[in-house]
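Architecture and fold: a report
For reference, the chains in residue letters:
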Amino acid sequence: MKNIKKPSVNEFTSKIQLVTKGYGKSYTLIIVFCILAAIFNSVAPYFLGLATDSLYDSFSNKLPFDMNYIVKILAVVLACYIINAICTYFKSYLSSELGQKIGYDLRKKLISKINKIKLSKLDTMKKGDLISKITNDVERLCDNLTQIVPDLVYNLSLILGVIVMMYVLDPLLATLSITVIPITYILLSTIVKKTQKYFELNQQAIGNVNSFVEESVTNNDVIKSFNEEDYFNMKFNYESEKLAEYGFKSSFYSSLAVPLNKALGNINYIIIVCIGSIRVINGQLRLGAIQSFIQYMKDFNKPMNTIAQVIANLQMAVASVDRIHEILELEEEENGDMDDIVFNSTIEFQNVNFSYKKGKPVLKDFSLKINKGEKIAIVGKTGAGKTTIVNLLMGFYDNYEGKILIDGVSLRDLDKKSYRNLISMVLQDTWLFEGTLKENIVFDQKISNNKLESILSKSKILHMIEGLPGELNFEINEETNNISAGEKQLLTIARSLVANPQILILDEATSNVDTRLEYLINHSMQNLTKDRTSIVIAHRLSTIIESDKIVVIKNGQILEMGNHKQLLKNKGYYYELYSSQFDINEESI
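This report concerns the structure included in the present document. (Residues numbered from 1 in each chain as written. Predicted model: local features only at pLDDT ≥ 70, side-chain atom pairs only at ≥ 80, totals over all residues. Heavy atoms only, no water.)

1. Some details on the packing of helix H9 (residues 229-255) against helix H10 (residues 257-281)
Quick reminder of the rule: In this analysis an axis means a line fitted to C-alpha atoms, helices contributing only their contacting stretch, and an angle means the value between N-to-C directions, from 0 to 180 degrees. Numbering goes from the N terminus for both helices and strands, where a helix is a DSSP run of H or I of at least four residues and a strand is a run of E of at least two. Throughout this description, any angle smaller than 35 degrees is read as roughly parallel, any larger than 145 degrees as roughly antiparallel, any in the 65 to 115 degree range as roughly perpendicular, and the remainder as oblique. Here, two residues are considered to be in contact whenever any of their heavy atoms come within 4.5 Å of each other. Basically, the charged four are Asp, Glu, Lys and Arg, the nonpolar ten are Ala, Val, Leu, Ile, Met, Phe, Trp, Tyr, Cys and Pro, and anything else, Gly included, counts as polar.
Direction vectors running N to C along H9 and H10 enclose 10 degrees, while the axes themselves pass 5 Å from each other. It follows from the interaxial angle that H9 and H10 lie roughly parallel. Along the contact surface, H9 presents Tyr253, Ser254 and Ser255, while H10 presents Ala257, Val258 and Pro259. Of the residues belonging to the contact of H9 with H10, the class tally is four nonpolar, two polar and no charged.

Shown next as structure tokens:
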């Protein structure tokens, strides 16, 4: 079992304040309605007691009932309960509205935070657990936040009001009644200490299960192809058993608070009724007063039970707020101040050293200069460091040694958003979302139909779109499996043409397609790279023959550099790579 550090009251309060910051007016209004509802609920039984006394006096003295007095008293009681109902309605309405606002703003804040988190940290997080924090934990936190505050304020106000009214009626019975409060506090404190760790572990287990399900569904074809269903079922059962265990323990131990508190309340109720009856018989207490007192005992025990339940909800809120703050407290990527960026001349790597894990260098003293308008190809075996160069150029990682300069300005000094507007990427793994083809290509950019049609023609995808039902309004499904891998790649090329970048990065863009589609994609990329600075990473060397410069990398270092013919003539490492894919005609070198 993972050791859970119990947060201090100050830590928890500060985290809650960060979540609820900006909602002070709404909470103040809710609190006012809670206090008003509690006040009118507290005074009503007192007036009912007066009505009972009037009826009892008339009956015992054989006098006619004072109907005017009784009607006035009942009218006051009715008014108290009506005002209580109105205040309760507005309290509930405002609480529900506030919960939705907090949830909306918190999810927006989390998504914004995720977009700013360092990629090196994001890579280490389980995607399913991350989704669970943004959905389950936010929903649970908002539900509890909008219940805990109103319930605590209302019930504590009601307890205070009831205690005051009980002392007005009979100080002795009131003192006996409140003796249950310290006992209840000790009981609830013990239960909270016992159960908090299980609420934390339960939320973690939910995240683990979500992560496992997300990975299993996404890679279901791989699991089936290797006949590993039983193995993954076993792993899921293990995670599911942990979730069931922690869910049971957190639910069971927290549920003990209410019945134990009810038992204490009932014992106290019996004592008060017995002593109160004796005092009525001895003439020390009015009959109406004991009737009011019994009602107050019910009103006293009910909020005590509610508070016990609120404590359980509070524990769930503590678990959720801690998990949410794991995201909000993550370090953001560093950002420069220079946002007026135009690429004019060169991209330069100067003596760059980089490693994803300390002690395992990926790039070693790497230096490369790329001039504006050049088409640069980076080749090498898997793990040589090709994609790492792109990651550093995009500013995804900044923990490198050396310098990366754009027109002589350090990449670290540039505003990341403005700088990335200069760049477009076409990757090996195409990313599309559920929606129309047009939405996937243009996003939110304004573009005329004629210009879009011209771009689609250049990217060699227009004929494919015209053959689909609805053409540009064709809906890509959630799994994006109703179009082929090659068509997806052509769509991403069209997307880059729409973006019209100054710098283009193509990372293994043809690795997952057949020869015919590779031919189409290569022609599309020729249109895409025209008059642009292009960086191409490829295993299939046929796609980079026309490059202005080919950079050959091995173990994070540059071995060779030159154009295709020069490198073949050198008969070095590039020659070996090329000859492993193609038959080389010596006369053509």
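2. Some words on the side chain of Thr346
Stated formally: Each residue is placed in one exposure class: buried if its accessible area under a 1.4 Å probe, protein chains only, is under 20% of its type's maximum, exposed if it is over 50%, and partly exposed if it falls in between.
Note that Thr346 resides in strand E1 (residues 346-354). Judged by relative accessible area, which is 16%, Thr346 ranks as buried. Ignoring sequence-local partners within four residues, the contact set of Thr346 consists of Lys369, Ile370, Asn371, Leu405, Ile406 and Asp407.

3. Description of a nonpolar patch on the surface
Where we set the bar: Each patch is built from residues that are more than 30% exposed by relative accessible area and take part in no salt bridge. Like charges join if they lie within 9 Å; nonpolar side chains (Val, Leu, Ile, Met, Phe, Trp, Tyr) join within 5 Å. Here the Shrake-Rupley method, with its probe set to 1.4 Å, supplies the accessible areas, and only the displayed protein chains count as covering residues. For this analysis, a salt bridge means a side-chain nitrogen from Lys or Arg found within 4 Å of a carboxyl oxygen belonging to Asp or Glu.
On the surface, a nonpolar cluster with roughly 630 Å² of combined accessible area is contributed by Leu78, Ile82, Ile86, Tyr89, Phe90 and Tyr93. Along the chain, Tyr89 falls in helix H3 (residues 67-114). Relative accessible area serves as the criterion here: at 54%, Tyr89 is assigned to the exposed category.

4. Topic: the sheet that holds E1
Heads up, the condition is: A pair of strands is considered paired only if DSSP assigns at least 2 bridges between the two.
Across the sheet, which stays open at both edges, the four strands sit in the order E2-E1-E4-E5 with antiparallel pairing between neighbours. Across the chains shown, the open sheet's two edge strands, defined by having one partner strand only, are strand E2 (363-371) and strand E5 (409-410). The sheet contacts of helix H12 (residues 386-393) involve E1, E2 and strand E4 (401-406), and relative to E1 the element is tilted by about 115 degrees.

5. A short note on the sheet that holds strand E3 (residues 375-379)
Here six strands make up an open sheet; going across it, the order is E6-E9-E10-E3-E11-E12 and the pairing mixed. Among the strands making up the open sheet, the edge pair consists of strand E6 (423-426) and strand E12 (557-562). Ignoring strand direction, the axes of neighbouring strands in this sheet form an average angle of 20 degrees. When strand E11 (residues 549-554) meets E12, the two strands line up antiparallel, connected through five bridges. Across the sheet, Ile550 pairs through a bridge with Gly562, a residue of E12. Strands E3, E6, strand E9 (503-507), strand E10 (533-537) and E11 of the sheet are contacted by H12, whose axis makes an angle of about 145 degrees with E10. In the packing of helix H17 (residues 485-499) onto the sheet, contacts are made with E6 and E9, and the angle to E6 comes to roughly 175 degrees.

6. Quick word on H17
Test applied: To estimate the expected span of a helix, subtract one from its residue number and multiply by 1.5 Å.
For H17, with 15 residues, the first-to-last C-alpha span of 21 Å sits near the 21 Å given by 1.5 Å per residue. All of the buried residues in H17 are Gly486, Lys488, Gln489, Leu490, Leu491, Thr492, Ile493, Ala494, Arg495, Ser496, Leu497 and Val498.

7. Focus: the pairing of E9
Along E9, five of the five residues are buried, which leaves the element largely enclosed by surrounding structure. The alternating pattern of E9 places Ile503, Ile505 and Asp507 on one face and Leu504 and Leu506 on the opposite face, and all of these are buried. In this sheet, E9 lies alongside E6 in parallel orientation, the contact comprising four bridges. Looking across to E9, one finds that Ser424 is bridged to Leu504. Where E9 and E10 come together, five bridges link them in parallel fashion. Of the residues in E10, the one forming a bridge with Leu506 is Val536.

8. Concerning unusual backbone geometry
Here the phi dihedral of Asp407 falls at roughly 50 degrees; this positive angle occurs in a residue that is not glycine. Looking at the element boundaries, Asp407 is found in the loop between E4 and E5. The exposure class assigned to Asp407 is partly exposed, which follows from its relative accessible area of 24%. Unlike most non-glycine residues, Lys571 shows phi in positive territory, near 50 degrees. With respect to the helices and strands, Lys571 occurs in the loop between helix H19 (564-570) and helix H20 (573-579). By relative accessible area, which is 49% here, Lys571 ends up partly exposed.

9. Some remarks on the pattern of salt bridges
Taken as a whole and assessed by the stated rule, the structure comprises eight salt bridges. Across the pair Lys113 and Glu332 runs a salt bridge whose closest N-O atoms are separated by 3.1 Å. Linking Lys113 in helix H3 with Glu332 in the loop between helix H11 (287-328) and E1, this pair joins segments that are 219 residues apart in sequence. Relative accessible area serves as the criterion here: at 9%, Lys113 is assigned to the buried category. By relative accessible area, Glu332 is classed as partly exposed at 35%.

10. Some points on the pairing of E1
In this sheet, E2 lies alongside E1 in antiparallel orientation, the contact comprising six bridges. Residue Val352 lies in a different strand from E2, and its bridge partner there is Phe366. Bridge count between E1 and E4: five bridges; the pairing is antiparallel. For Ile347, the partnering residue across the bridge sits in E4 and is Ile406.

11. As for the packing of aromatic side chains
As a reminder of what qualifies: Note on ring pairs: Phe, Tyr and Trp rings are taken, using the six-membered ring of Trp, and paired if centres are within 6.5 Å. Classes follow the plane angle, with under 30 degrees stacked, over 60 edge-to-face and the rest tilted.
Using the criterion set out here, one finds 12 aromatic pairs in the structure. Measuring from centroid to centroid gives 5.6 Å for Phe248 and Phe252, while their planes differ by 10 degrees, and the two rings are stacked. With a gap of four residues between them, Phe248 and Phe252 both fall in helix H9, about one helical turn apart. Its relative accessible area of 54% is what places Phe248 among the exposed residues.

12. Topic: the nonpolar core
Quick reminder of the rule: Think of a nonpolar core as a cluster: buried Ala, Val, Leu, Ile, Met, Phe, Trp, Tyr and Cys residues, connected wherever their side-chain atoms sit within 4.5 Å.
In terms of nonpolar packing, the biggest core is built from 52 residues, with Leu110, Met166, Phe293 and Ile327 touching the most fellow members. The element best represented in this core is helix H5 (residues 127-169), accounting for 16 residues. With residues up to four places along the chain from it excluded, the contact list for Phe293 reads Met166, Leu169, Asp170, Leu173, Ala174, Ser177 and Ile272. Of all hydrophobic cores here, the second largest spans 33 residues; its members include Leu368, Val390, Ile406 and Ile505.

13. Side note on the environment of Ser250
Looking at the element boundaries, Ser250 is found in helix H9. In the structure, Ser250 is positioned 50 residues away from Glu200 in sequence and 9.0 Å away in space, judged by C-alpha atoms. Look past the residues within four positions of Ser250 in its chain and what remains in contact with it is Tyr198, Phe199 and Asn202.

14. Considering the packing of helix H15 (residues 449-458) against H17
For any two helices packed against each other, one specifies the crossing angle of their axes together with the interaxial distance. What counts, and what does not: A crossing counts as left-handed when the near helix is turned anticlockwise from the far one by less than a right angle, and as right-handed when that turn is clockwise.
The geometry of H15 relative to H17 is characterised by a closest axis approach of 9 Å and an angle of 135 degrees between their N-to-C directions. Here H17 runs oblique to H15, going by the angle between their axes. Between H15 and H17 lies a crossing whose hand is right-handed. Every residue of H17 that contacts H15 at Leu452, Ile455, Leu456 and Lys458 is listed here: Ala494, Leu497 and Val498. Split into classes, the residues belonging to the contact of H15 with H17 amount to six nonpolar, no polar and one charged.

Taken by themselves, the reported measurements are silent on function.
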